[in-house]
There are 4 protein chains.
Amino acid sequence: MEKSHTNKRKILNDPIYGFITIPNETIFDLIEHPYFQRLRRISQLGLTYLVYPGAYHTRFHHALGAMHLMQKAIDVLQSKGHTISPEEKEAVCIAILLHDVGHGPYSHALEHSIVNNLSHETVSYLMMDRLNAEFDGKLTLAIDIFRNRYAKKFLHQLISSQLDMDRLDYLQRDSFYTGVSEGKINSDRLITMLNIADDELVIDAKGIYSVEKFIVARRLMYWQVYLHKTVLAAEFMLVNILKRAKELANNGEVLFCTSALKTFLYDKIDKTDFEKKPELLDIFARLDDYDILSAVKEWKHHDDRLLAMLCNQLTERRLLKIQIATEPFTEEQITEKREKAKQLFGFTDEEVKYLVFTDRITNNAYNPKKETINLLYKDGSIADVAEAADTFNIDAMARTVKKYFFCFPKECR
Amino acid sequence: MEKSHTNKRKILNDPIYGFITIPNETIFDLIEHPYFQRLRRISQLGLTYLVYPGAYHTRFHHALGAMHLMQKAIDVLQSKGHTISPEEKEAVCIAILLHDVGHGPYSHALEHSIVNNLSHETVSYLMMDRLNAEFDGKLTLAIDIFRNRYAKKFLHQLISSQLDMDRLDYLQRDSFYTGVSEGKINSDRLITMLNIADDELVIDAKGIYSVEKFIVARRLMYWQVYLHKTVLAAEFMLVNILKRAKELANNGEVLFCTSALKTFLYDKIDKTDFEKKPELLDIFARLDDYDILSAVKEWKHHDDRLLAMLCNQLTERRLLKIQIATEPFTEEQITEKREKAKQLFGFTDEEVKYLVFTDRITNNAYNPKKETINLLYKDGSIADVAEAADTFNIDAMARTVKKYFFCFPKECR
Amino acid sequence: MEKSHTNKRKILNDPIYGFITIPNETIFDLIEHPYFQRLRRISQLGLTYLVYPGAYHTRFHHALGAMHLMQKAIDVLQSKGHTISPEEKEAVCIAILLHDVGHGPYSHALEHSIVNNLSHETVSYLMMDRLNAEFDGKLTLAIDIFRNRYAKKFLHQLISSQLDMDRLDYLQRDSFYTGVSEGKINSDRLITMLNIADDELVIDAKGIYSVEKFIVARRLMYWQVYLHKTVLAAEFMLVNILKRAKELANNGEVLFCTSALKTFLYDKIDKTDFEKKPELLDIFARLDDYDILSAVKEWKHHDDRLLAMLCNQLTERRLLKIQIATEPFTEEQITEKREKAKQLFGFTDEEVKYLVFTDRITNNAYNPKKETINLLYKDGSIADVAEAADTFNIDAMARTVKKYFFCFPKECR
Amino acid sequence: MEKSHTNKRKILNDPIYGFITIPNETIFDLIEHPYFQRLRRISQLGLTYLVYPGAYHTRFHHALGAMHLMQKAIDVLQSKGHTISPEEKEAVCIAILLHDVGHGPYSHALEHSIVNNLSHETVSYLMMDRLNAEFDGKLTLAIDIFRNRYAKKFLHQLISSQLDMDRLDYLQRDSFYTGVSEGKINSDRLITMLNIADDELVIDAKGIYSVEKFIVARRLMYWQVYLHKTVLAAEFMLVNILKRAKELANNGEVLFCTSALKTFLYDKIDKTDFEKKPELLDIFARLDDYDILSAVKEWKHHDDRLLAMLCNQLTERRLLKIQIATEPFTEEQITEKREKAKQLFGFTDEEVKYLVFTDRITNNAYNPKKETINLLYKDGSIADVAEAADTFNIDAMARTVKKYFFCFPKECR
């Protein structure tokens, strides 16, 4: 980070926005905290770089980017005559900065393998409370806004809603680093159109096309990036690697791993343990991508043939074959591939489940039942974007799309 | 990687160029090889992300980008009537693809600590020869061009010269990911202006302004990125961490590390060992950023107080203070800080050298004594860009700038 | 135009694509021809700059841009194994270069006022034939492709179809110059996905998201730019200015105008006249934006109060008020405003129609009844993009949207 | 212009900055004024589009862009603790908005042909005074700042100095529209580095590389765009066309022209006339590119063979040949070409001077004798950028480069 003492403003380079300004000392100190610095070592998109080789950006950069957009959003709302105090502005910036602070490495994989029942939201809450204690209560308002306990609802909506600053930054950032230009959105224009009506975040009616573009872009990013089938295959391979390692650990096998990973691999830990043993949070805070991948790399040479095979394949990018369908795969299909795999590789019934498996994904670009995007018209009236005439059939967007996938070794084709 | 079987062309997304096309099966297979896949886990700019938080791009992506530019360069030269056979085109593409294949993680730090006297060029040569054997001699022409043993000199110059495709890609890529827009170059325009005269790579005279911009951009990237003082501090901290670890290993201390790192930490290995023991190359090929950083993270808890302190500071980005000067720092200055550090932290004379040290850097944007950039005029005459009248004083650029830096703990100020 | 004699390739700067290369001498000579050079003085988007102040780009630049994309499209198709001869490549480039050559200034306004029944297509045909005669028949194949009389249908589709190079360039160019980023498309990606099946232009199936983005972008450009209500008001004011001028000319009034404009203002000319009097085509070819706007500016001082008023208002951007509705405006609404205008300004019933008027616009982003975009799957099968499951409800896009607008002086509100 | 009544903020699209916000009603009304609206019809770079076909941007857009940057600059300076009152902010925004309001069409050509001795600065002063009267004195402070009569000097420097907002916008805008990427500057970064010391505008020392890049970019734009030899040839042809027309007008010949152009073509007008006859300013304010080019187009058919020839050549882009040299062209060279032209075309000695002529241009990227760019160091000291060690030899930049050019008909080669 380039700090400029002359002008008392800290500035960070960002390839997307040019510069990100760190508005004050408290926020600067939060960024310096080890809880936040660790996000430099946690990639935003996990193993997506196996498909999009530019996608190495981190949760650290995303959090800063979202805070940058938040500053702009607050400026726009203030310029439209809405009262937001300096304390509220600082608090909402802190809240968005820390919104993902509880993410572990390869978050989705981790949560489905070795730290079951411990969501990153829970860890975020715990970390924010710990930081608040360290910062003498300076984060109280931020936490209230984050947990939607503060009177001005629109402040929470800036952090979590259909058009929050989290989404605006990650769509732009993920699109930028993957090079998937179909997902590009114009966050500048959307933010310029933000407004407040009845204490709710709304969009000035003239921004309707930007909203449409945003919803379309988001849906395209789901299919092209977040649910890209090769990415799915890689992520589920990692889930299975960690599950297998945990199984071996439970059986008392020795596994190369850092001390922090060891805790979570060998001990049974759930949410209540975190509450009882405060040191667990600090151990969790030492985990990052380097703990996971250095272990995976070393396990290529493990005696367990299944673990070694999966680790080899993931590291050298020889991924499981993945098929996608709109209907569930049948028992017969699954059994057939499992039998083949057993014969080919000599694995047991239990082992082969790590190589041949099926699951389901869903995508839903705009769900008006859960939360709407409202337009504010010049006459002061408000309408859901889905009802705005002459534009686009929101039904098409709102429809939840469900898909099934099926993974198995290429050799079983 | 998205492979399209329909059209037999493999395409990769690149945020800078849009797409990179993989021209044929041999090159595709080389990219799939574990030697090359490991470059996905070796960052191009090492610890630079501690200053520029977008700079996580890898040597994998850079090598592909340089190959992309090479294809364009060959197309341009062919369109200007120069004969380049399909075999030569494939060979020069392979050569640029593999030009950095021998780089280890944090290459500069590694070469100055645990693998002394083994340059990445040497390892690249060894890996290319190994790959050539695996690929049944298909890389022979590529290796000849790479090592400048092929008759058409300009092919080698496309890989290594003032205006080679390596430089064109890395300047653009590093500028893009750091967000240092001052370093942006227009590789498209430069490539469009490439030409050949007397078997040498030259630039059409009308491209003189692009050449000037390129030299200026390169120099700015040196000061703003490659030799940024905070990056230097971080890199030398990593050098000292690895040196200290090696010292401890030599003394028989136990250090957490992957098996690959263990070989290089505990054994004395030099160039001749690589020639004698072929398996060493494969062990080296298992090393990447994850081996190094997972160890550094774990060593934060090592009994050696010096190692632990350096590892803690690097991981949490509490870096040594660094001063820059145009004159060497004096013995008195160094001694003073070392004494302070000894008192403050209780280290010995030997130990304190890891915390208080000085060294020298040089930068030289254009060195006409070593290698010139030649312009080709419409009348067929050729002139060094430095002699082209009315443009810019190349002397200013050609002057080597030497600077001295001095690192010490912030507490010693 | 920067010509480079050294390398026999002519290169033009383009802010969008970087460079446009002029592939050969014939095309260079066509660009130099006065018929084509006049397009430098005909803006692509007419009066749109009154809303989007960057939108001054010309038909000249668009035609060159479309030719640039055509070269890339042909390269892609050839690389996928489709045979396209050098003669066909040149012809299709010429055809796209000249596809709009017959456009007059403010084409839509002109065709609805002083040159009724003479479409720009007709003029393009006439100009191409004239050029073909001047160029000794070198354009015959280009004309055959342009008029869809050539066996390989896909060549015509590259010039005129849902995904032709005309559209790809103008969407990108109009989006770029207006700054309406919602309309941005990735022509590079779309072109990379082009293919041929059964002699028809198709898109590789993996390009489905790019196609979706393209259709959405196109529709957004219609609402935000091409049918922007303020632009409509300005264009219809220009139509009425020219109609009024023609009316006055018919009555023998003296009107300032260039000699070329005089011919079309004072004489009754239709399509058959163009066939009978070859010199008319050359007079038409002298018309450009400067003839029209210099006259409009001068007519601000004309004795006819109605003409002067309209010209004043257009020049100083005090445009008529425009309302948009999904239902037609009623006779009562129209009569009421007309009466007001008569009283306020003292105009007659006939005159007031130039100030108070209504009309209808329609928009339709994708019309599968007329022409489909077909996807080519890996198994060789083909399907309309509208039928591709799991993506988007093409029905929403295909629905024709009809709107009514109503213009009247601001003073009549 | 898209006006949003809902949020009381007017927003304009800009392809470079995304949006330009019009900060208040007074500035909105100034933009609506016919004096300012006419700038929509005056291109920023005159005939440069004959070389760079994207360069049609207008003085209107540039003035708005410079005002946009001014708002950002004021925000930055205020955030660094400098006091700038709302009245001063409005005034400095008005001053930069109107800094070029007195420019006529093809300003340089006009000033060297038909309106001798009347600089655009003089007209700007007159127009600002006239506007101030119309706006009840609201522009007084803006005019004082513009004319450097206000106490806070740095406000004037934001409008006119080495790093003023005029330059920052035009370099970026001209680079963007011509596509000459070598001229691209990072105005964002430069503005972020602005500061004030001793009432002078300075740059924070860490911005030294951005300043260097800026000076280099500016110099490259001079050679590649502003003094491009083909542009020079076209501009001098236009000068000679207008001179010839004026000569013919003086001799009583009839020339097609708008009434506004007629005044300046047929009457002898100088600065004192503007002071005596207030209506002259309004007639001047009616002149724009359309008056000039519509006349040039019509004069192609004038009886005067010399005028017709020049107009034909300019319109159809068959420009005079131009040679550049570092030494003056000799009398013999000039005489030789003039004799040839006389023989070839049958012109007199006087006439041939319009076709064969020589002149001189100079370029000077940074002139520290006239005005310096000062850097502000962390310790509060200030130094001229030229003295900053280790960067670049400012002498090379500061050297004035003088070149001579020589124009003659291509047929005289």
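Note that this is a predicted model, so its numbers are computed, not measured. (Residues numbered from 1 in each chain as written. Chains lettered and ligands numbered in written order. Predicted model: local features only at pLDDT ≥ 70, side-chain atom pairs only at ≥ 80, totals over all residues.)

(A) Geometry of the environment of Lys262(B). Structurally, Lys262(B) is set in helix 13 (residues 259–266). Separated by 252 residues in sequence, Lys262(B) and Lys10(B) place their C-alpha atoms 38 Å apart. (Helix = DSSP H or I, 4+ residues; strand = E, 2+ residues; numbered from the N terminus.)

(B) Summary view of the interface of chain A and chain B. Across the boundary between the two partners, chain A contributes 37 residues, which contact 37 residues of chain B. Per-class residue counts for the side of chain A that touches chain B are 16 nonpolar, 13 polar and 8 charged. (Contact = placed C-beta atoms within 7 Å. Nonpolar A, V, L, I, M, F, W, Y, C, P; charged D, E, K, R; others polar.)

(C) Representation of the relation of the copies chain C and chain D within the structure. Taken as rigid bodies, chain C and chain D are interconverted by a rotation of 180° and an axial shift of 0.0 Å, the fit giving an RMSD of 0.0 Å. The superposition operator between the copies reduces to a two-fold rotation axis. Relative to the rotation axis, the closest C-alpha in chain C is found at Tyr290(C), a distance of 2.6 Å. A shared interface surface links the copies, since 97% of the contact residues of chain C are contact residues in chain D too. (Least-squares fit on C-alpha atoms with pLDDT ≥ 70 in both.)

(D) View of the relation of the copies chain A and chain B. Mapping chain A onto chain B leaves a residual RMSD of 0.0 Å; the transformation is a rotation of 180° accompanied by 0.0 Å of translation along its axis. A high fraction, 100%, of the interface residues of chain A reappear at the interface in chain B, so the copies pair face to face through one surface.

(E) Main features of the interface of chain C and chain D. The interface is formed by 37 residues belonging to chain C together with 36 residues belonging to chain D. Listed by contribution, the elements that provide at least two residues to the side of chain C that touches chain D are strand 2 (9–14), helix 2 (34–37), helix 3 (59–79), helix 9 (165–178) and helix 16 (289–299) of chain C. Counting residues per element, the side of chain C that touches chain D draws most heavily on helix 16 of chain C, at 6 residues. In terms of residue class, the side of chain C that touches chain D is built from 16 nonpolar, 13 polar and 8 charged.

(F) Fine view of the packing of helix 9 (residues 165–178) of chain D against helix 11 (residues 208–226) of chain D. Residue and element names in this part refer to chain D. Contact geometry for helix 9 and helix 11: axes closest at 11 Å, N-to-C directions at 45°. The angle between helix 9 and helix 11 falls in the class oblique. Where helix 9 crosses over helix 11, the handedness of that crossing is left-handed. Contacts between helix 9 and helix 11 involve Leu-171, Asp-174, Ser-175 and Thr-178 from the first element and Ala-217, Arg-218, Met-221 and Val-225 from the second. Residue composition of the contact of helix 9 with helix 11, grouped by class: 4 nonpolar, 2 polar and 2 charged. (Axes fitted to C-alpha atoms, helices over the stretch in contact; angles between N-to-C directions. Parallel < 35°, antiparallel > 145°, perpendicular 65-115°, else oblique. Left-handed = near helix turned anticlockwise from the far one by under 90°.)

(G) Highlighting helix 4 (residues 86–97) of chain D. For helix 4 of chain D, built from 12 residues, the straight-helix expectation of 16 Å at 1.5 Å per residue is met to within 8% by its first-to-last C-alpha distance of 16 Å. Of all the residues in helix 4 of chain D, the buried ones are Ala91(D), Val92(D), Cys93(D), Ile94(D), Ala95(D), Ile96(D) and Leu97(D). (Expected span 1.5 Å × (residues − 1). Buried ≥ 20, exposed ≤ 12 C-beta atoms within 10 Å, placed from the backbone.)

(H) Molecular detail of the sheet that holds strand 7 (residues 357–363) of chain D. All names here are of chain D. Sheet architecture is open: 3 strands sit in the order 6-10-7, paired in antiparallel fashion. The open sheet has two free edges, formed respectively by strand 6 (321–325) and strand 7, since each of these has just one partner strand. Strand after strand, the sheet turns through a mean of 25° between neighbouring axes, direction not considered. Note: strand 6 against strand 10 (residues 401–408), 5 bridges, orientation antiparallel. Following the sheet pairing, Ile-324 is matched in strand 10 by Phe-405. With respect to the sheet, helix 12 (residues 229–250) is in contact with strand 6 and strand 10, its orientation differing from that of strand 6 by roughly 125°. (Pairing = 2+ DSSP bridges.)

(I) Geometry of the pairing of strand 10 (residues 401–408) of chain B. Two strands pair when backbone bridges link them, and strand 7 (residues 357–363) of chain B and strand 10 of chain B are joined in this way by 7 bridges, in the antiparallel orientation. By the bridge assignment, Ile361(B) is partnered in strand 10 of chain B with Lys403(B).

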